Amino acid sequence: MTNSGNLQLTANGELRHFLTPEGLDRLMLERILDTADSFVVIGNQEVKKVPLLRGRTVVNLFFENSTRTRSTFELAAKRLSADVLTLDIKTSATSKGESLLDTLQNLRAMHSDMFVVRHSDSGAAHFIASQVTPDVAIINAGDGRHAHPTQAMLDMLTIRRHKGNFESLSVAIVGDILHSRVARDQVHALKILGCSDIRLVGPNTLMPQAITSMGVTTHNNMDSGIDGVDVVIMLRLQTERMDSAFLPSAGEYFRLYGLTTERLAQAKPDAIVMHPGPINRGIEIESAVADGPQSMILHQVGYGIALRMAVMSMAMSGQMQQRHAKAVNPLSLKREPQP
Amino acid sequence: MGATQTLHYPELADTPALVNNLLDQIDQLIFTQKLDQPLVIGIHTGGVWVAKVIAQHLQAPLGQLDIAFYRDDFSKNGLHPQVSPSSLPFNINDRHVLLVDDVLMSGRTIRAAMNELFDFGRPASIKLITLCSVNQRELPIQADACALSLDLEAGQYIQLQGPDTLKLSIIEHANHD
Amino acid sequence: MSILIRGARLIDPSKQLDKVTDLYIKDHYIEAIGDLTGVNADTEIDADGMILSPSFIDLHTCLRDLNQIQKGTIASETQAAASAGFTHLCPSPDTQPCSDAGSVINMVKNKAAAAGFCDLLPVAALTKDLKGAQLSNMESLSSAGCIGFSNASYDISNNTVLLRCYEYAATFGLKVFVQAQDQQLGSGQMHAGPTATRMGLDGIPVIAETLAISRHLQFMQHTGVSGHFNQLTSAAGVALIREAKAQGMKVTADVGIAHLCFTDTAVQGYRSQYHVQPPLREESDRKALLVGIVDGTLDAICSAHQPHESAAKCAPFAATASGMATYDMLVPLIQKLVDAEDLTWALAIQALSSNSATIALRKTTSLTLGEEANLTLIDPNHHWTLNSSSQLSHGTNQALAHQQLKARVSLTIKAGQISYKV
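Here the structure is a predicted model, which is why all the values come from computation and not from measurement. (Residues numbered from 1 in each chain as written. Chains lettered and ligands numbered in written order. Predicted model: local features only at pLDDT ≥ 70, side-chain atom pairs only at ≥ 80, totals over all residues. Heavy atoms only, no water.)

Enquirer: I'd like to hear about the overall build of chain A, residue by residue, with values.
Expert: A count of helices and strands for chain A gives 13 helices and 9 strands. Viewed in the frame of its principal axes, chain A has a C-alpha envelope of about 60 × 55 × 40 Å. A burial count over chain A gives 58% of its 339 residues as buried. Considering only contacts within chain A whose residues lie at least 6 apart along the sequence, 74% involve residues at least 24 apart. Total accessible area computed for chain A in this model is approximately 13200 Å², and 50% of it derives from carbon and sulfur atoms. Seen as two clouds, the 34 positive and the 34 negative side-chain charges of chain A have centres 5 Å apart. (Helix = DSSP H or I, 4+ residues; strand = E, 2+ residues; numbered from the N terminus. Buried < 20%, exposed > 50% of the residue type's maximum accessible area, 1.4 Å probe, protein only. Contact = heavy atoms within 4.5 Å. Areas by Shrake-Rupley, 256 points an atom, 1.4 Å probe, with all protein chains shown as cover. Lys, Arg positive; Asp, Glu negative; His and termini not counted. Charge placed at Lys NZ, Arg CZ, Asp CG, Glu CD.)

Structure (structure tokens):
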């Protein structure tokens, strides 16, 4: 979908919005991961701050609640020395579209450099990116069921750091794929990074229509689905699913699709277990596994901050280069070495 | 490309001699300034190679800085993914630091390095050690010890090759501007 | 007042006529067809290379006005319809206020008459306020000039109520128009398929349509009501209609121009212009709809024109209003289908005029001597650009805005008067 690619990149192919990995090429995704790697190191030092975004304003625009995601973005921005502002805006049921447009108009007066956006409508981040003035970078913190690119990329970072090359890996994603914005982006990212064995595991009620068109295989049986895989990604199951005719009960779900120590043995002995969080112990994952040696769940949190620092600095950089290029040289900007 | 230029600067042909000259200057500096137990910190990439030699000579602890996140050209040239992270395996508070780079030219790299150093702590002093200095300062920064100072023409740059055999040479950029 | 149209290719499906010849109109009637060299008239039109046909009749459209003037007025939208070759329109009852009362019907008809571009043959609401709970005053509405009854896009989920609606309509021999989509299964934003999955949008599966069609066919059969299905979207839906007709049922169906030309992939990039209800489906469905027109399973093509103001389409996809403004691009779209050899002008004209006339007026229209002159003259080679100065609808939701288009209506004649000239 070249649409997404074009919207996310400057004329020079630099990142200027981060909405979804779809439409970006392998080189770009690897650059994001490489940049994130350096920020992981920063996170382990005593001095965790770098001055990259000093003087820049980052606004958290959360139309949908999420304390976790919001706080990691806040932390990431602060570690980049940016000024951070959080706006919690709930959309009113009757005037959704209008108030979003109006909200964006009102925000113009604040002259911020970047919006981190979370919204319950799929395509909201694209919409906002197409409506803001061209020098504002948009980072998608999750839109409807469509995308959650920073989560997917931090998952890729986790896989790369602990498992290496994507080409030889087999990855299973288990759970509520239908309602998961993360799963779609995980599939896109895995494919672009060269992974060819991606398995989606779950009951038909939680599997999106025609998902195999994205180049994955689907499995109703968890044991055969995770047989011999290198990575098991468990998705969170929301309790609403049990109330609205998607699943009969938490008990039956855990019996069929819960990741227990016994079940995990079906995967490779050195397989890693991941979960975007927050975890539902006893529903999608057993405590022994969540807290066990193969679990990367806590690592993912730290990687999440580094990854967000990476995309924020890259997108800000792309925007600023664009501004600078327009101001200084109407033609394309050449890179010069700094002695 | 390099051969013709070194004829104009015959000193460059003998890099080891320049390094030895620098080590002598450092010994002198430590003695006259009474720099007790200095820390040697090199700036990536060439500065680290030179710093290694110095640290070995002084039997002093060695650290390295990558200034990628402290550069002042972020808005113009963007962020390059870092390859090697900064690593200071010691506390720099109240210590004397020998900050080492291979080439001092505009002074911006040193400005960034000092900013980064001060995010780690407050040293007692910083002495700037460079193998070579090109007279094109854009900031008021000078070396405390330097083996060679020269002027270059527009489009010419000096480069240190390493890490094992250190060799300085001049390269030319065909399309400058 | 006389009009002479020279050298047009006359296409009259009801008489299997496809011939280049002249046509003469005197006062309100067609007075002569044939070689009319030497004949004079008040208005003479050189129609060399153009197509002349009976005028078009639209089985499904939204003219807005009343409480929705920001989207369009009867004056602007009927003028746009005339520019697309229509002389008679069947506006859908989902107006605001709802077309469930004679007063609303009369007001709407009067406005159209005052504007003078098209005559209205309204379809009234099947239930009061389209709420699916209580029958509307069907007999009175019929007397006020309504040609049929529909619950628009609001499926009546209560079978008992639906049965009563059909029984009451049968009492007076009234026609029921159905937009077949199950209410709960139809709660998504686009066709349930790979595109919806990629975009994280709620999908509407094909069975939402087929379930509703099967259900309504049974009600029609059970009560003897003559029914018409609006806006088919799927191959499976077409198959059901084909089977019903094969079994001798008197049922008719139409398809919207958008569904003949666009598919669900058009939504990529969250383009709200392609947010349409019922949804655009896959290429295999589009092809089946075209086959349906060619083999007669689908009787008619309608515009399904739904103009909107720009704010209605300027939001994240799910929050945008559904519907396309189609009048300004209808003829160019037909030409595209003709150029792609998916359709011929003869078939298109049959689907836009004679067949729709049979459904709406219970009689066919034709180019016959003595008949009232309702004609459309199309220039298939007219190149033009659709933009804010060339479009006539007030709707800004023009899918082909700023595009170079080919083919345009040159003249529309209603009751012997020129209602539109390019």
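So that's the structure; there's more coming.
Enquirer: So, the sheet that holds strand β2 (residues 83–88) of chain A: which residues are in play, and what are the values?
Expert: Residues and elements named next belong to chain A. In space, the 4 strands of this open sheet follow the order β2-β1-β3-β4, with parallel pairing throughout. Looking at strand neighbours, the two that pair on one side only are β2 and β4 (137–143), the edges of this open sheet. Across the sheet, the mean angle from the axis of one strand to that of its neighbour is 15°, orientation sign disregarded. With 6 bridges joining them, strand β1 (residues 57–62) and β2 adopt parallel strand pairing. Among the inter-strand pairings, Val58 is bridged to a residue of β2, identified as Val84. (Pairing = 2+ DSSP bridges. Axes fitted to C-alpha atoms, helices over the stretch in contact; angles between N-to-C directions.)

Enquirer: Describe the interface of chain B and chain A, and please don't skip the residues or the numbers.
Expert: The interface is formed by 24 residues belonging to chain B together with 25 residues belonging to chain A. When the two sides are added together, the surface that chain B and chain A hide from each other amounts to roughly 2400 Å², 61% of it contributed by carbon and sulfur. In this assembly, chain B and chain A are joined by 0 salt bridges. Linking chain B with chain A are 0 residue pairs in polar contact (both at pLDDT 80 or more). (Buried area = accessible area lost by both parts, 1.4 Å probe. Salt bridge = Lys/Arg side-chain N within 4 Å of Asp/Glu carboxyl O. Polar contact = N/O pair within 3.5 Å; in protein donor to acceptor, adjacent residues only side chain to side chain.)

Enquirer: Describe in detail the side chain of Ser354(C), supporting the description with residues and values.
Expert: Residues and elements named next belong to chain C. Tracing the sequence through the fold places Ser354 in helix α11 (residues 345–361). Since its relative accessible area comes to 3%, Ser354 is described here as buried. Setting aside residues no more than four positions away along its own chain, Ser354 makes contact with Pro13, Ile349, Thr364 and Thr365.

Enquirer: Tell me about the pattern of salt bridges, and please be specific about residues and values.
Expert: This structure, assessed with the given rule, holds 36 salt bridges over all chains. Put simply, Arg199(A) and Asp197(A) hold a salt bridge, and the shortest N to O gap is 3.2 Å. A relative accessible area of 12% means that Arg199(A) is categorised as buried. The partly exposed category is assigned to Asp197(A), whose relative accessible area is 25%. Arg71(B) is the partner of Asp73(B) in a salt bridge, and the nearest nitrogen-oxygen pair spans 3.0 Å. The class for Arg71(B) is partly exposed, based on a relative accessible area of 29%. Salt bridges sharing partners connect three or more residues here, namely Asp34(A), Asp37(A), Arg160(A) and Arg161(A).

Enquirer: Could you give me a rundown of the interface of chain A and chain C, with the residues and numbers involved?
Expert: Taken together, the contact between chain A and chain C spans 26 residues of the former and 18 residues of the latter. Taken over both partners, the interface formed by chain A and chain C buries close to 1800 Å², and the fraction arising from carbon and sulfur atoms is 62%. Taken together, the links from chain A to chain C amount to 2 salt bridges. A salt bridge links Arg198(C) to Glu22(A); its shortest N-O distance comes to 3.0 Å. Taken together, chain A and chain C are joined by 6 residue pairs in polar contact (both at pLDDT 80 or more). Elements with a minimum of two residues in the side of chain A that touches chain C: α4 (96–108), α5 (124–131) and α7 (181–192) of chain A.

Enquirer: Run through the domain arrangement of chain A, naming residues and quoting values.
Expert: Residues and elements named next belong to chain A. Along its sequence, chain A is organised into domain 1 (26–147 + 301–332) and domain 2 (149–298). Between the C-alpha centres of domain 1 and domain 2 there is a distance of 27 Å. Tallying the contact residues gives 30 residues for domain 1 and 29 residues for domain 2. Interface of domain 1 and domain 2: buried area, both sides summed, is about 2400 Å²; carbon and sulfur atoms make up 57% of it. On the domain 1 side of the contact with domain 2, Arg26, Arg145 and Tyr303 bury the most area, a combined 31% of that side's loss. Arg161 serves as the salt-bridge partner of Asp37, at 2.5 Å between the closest nitrogen and oxygen. Linking domain 1 with domain 2 are 13 residue pairs in polar contact (both at pLDDT 80 or more), by the criterion used here. Those elements that provide at least two residues to the side of domain 1 that touches domain 2 are α2 (26–44), α3 (67–79), β3 (114–119), β4 and α13 (297–328). Among the elements that take part in the side of domain 1 that touches domain 2, α2 stands out by supplying 9 residues, more than any other. For the side of domain 1 that touches domain 2, a count of residues per class yields 13 nonpolar, 7 polar and 10 charged. (Domains from an automatic or database assignment. Nonpolar A, V, L, I, M, F, W, Y, C, P; charged D, E, K, R; others polar.)

Enquirer: Outline the pairing of strand β11 (residues 176–179) of chain C, supporting the account with residue identities and numerical values.
Expert: All names here are of chain C. Alternating positions in β11 separate into two faces, Val176 and Val178 on one and Phe177 and Gln179 on the other, with burial throughout. Bridge analysis of strand β10 (residues 148–150) against β11 gives 2 bridges, and the strand direction is parallel. Across the sheet, residue Phe149 finds its bridge partner in β11, namely Val176. For the crossover that starts at β10, traverses helix α4 (residues 159–171) and ends in the parallel β11, the hand is right-handed. Two elements, β11 and strand β14 (residues 227–230), share 4 bridges in a ladder whose sense is parallel. The partner of Val178 across the bridge, within β14, is Phe229. (Right-handed = clockwise from strand over helix to strand, strands pointing away.)

Enquirer: How would you summarise the packing of helix α7 (residues 235–246) of chain C against helix α9 (residues 283–294) of chain C if you had to cite specific residues and measurements?
Expert: Residue and element names in this part refer to chain C. Relative orientation of the contacting elements α7 and α9 amounts to 30°, with a least axis distance of 8 Å. Accordingly, the angle class assigned to the pair α7 and α9 is roughly parallel. Facing α7, whose interface residues are Ala235, Val238 and Arg242, α9 presents Ser284, Asp285, Ala288, Leu289, Val291 and Gly292. Partitioned by chemical class, the residues of the contact of α7 with α9 number 5 nonpolar, 2 polar and 2 charged. (Parallel < 35°, antiparallel > 145°, perpendicular 65-115°, else oblique.)

Enquirer: Could you give me a rundown of the sheet that holds strand β4 (residues 125–134) of chain B, with the residues and numbers involved?
Expert: Residue and element names in this part refer to chain B. If you trace the 5 strands from one edge of the open sheet to the other, you get β2-β1-β3-β4-β5, paired in parallel fashion. Two strands bound the open sheet, and with one partner strand each, they are β2 (62–65) and β5 (145–150). Neighbour-to-neighbour, the strand axes of this sheet turn through a mean angle of 25°, independent of strand direction. Together, β1 (39–43), β2, β3 (96–104) and β4 form the strand contacts of helix α3 (residues 46–58), whose direction differs from that of β1 by roughly 160°.

Enquirer: So what's going on with the nonpolar core? Residues and values would help.
Expert: In this structure, Phe86(C), Phe229(C), Leu260(C), Phe262(C), Ile301(C), Ile334(C) and Trp345(C) are the most contacted members of the largest nonpolar core, which totals 97 residues. With 8 residues, the single largest contributor to this core is helix α10 (residues 327–339) of chain C. For Phe229(C), the contacting residues outside a window of four places in its chain are Val178(C), Ala180(C), Ile213(C), His216(C), Leu217(C), Met220(C), Ile241(C), Val251(C), Thr252(C), Ala253(C) and Asp254(C). With 87 residues, the next largest nonpolar core counts Val58(A), Met114(A), Ala137(A) and Leu117(B) among its residues. (Core = buried A, V, L, I, M, F, W, Y, C linked by side-chain atoms within 4.5 Å.)

Enquirer: Account for unusual backbone geometry, naming residues and giving values.
Expert: Residue Pro163(B) is bonded to the preceding Gly162(B) through a cis peptide linkage, with omega at 5°. Looking along the chain, the bond that leaves Gln277(C) and enters Pro278(C) is cis, with omega of -5°. For Asp94(B), which is not glycine, the phi dihedral falls at a positive 60°. In this fold, Asp94(B) is placed in the loop between α4 (74–77) and β3. One non-glycine residue, Tyr270(C), lies in positive phi territory at about 60°.

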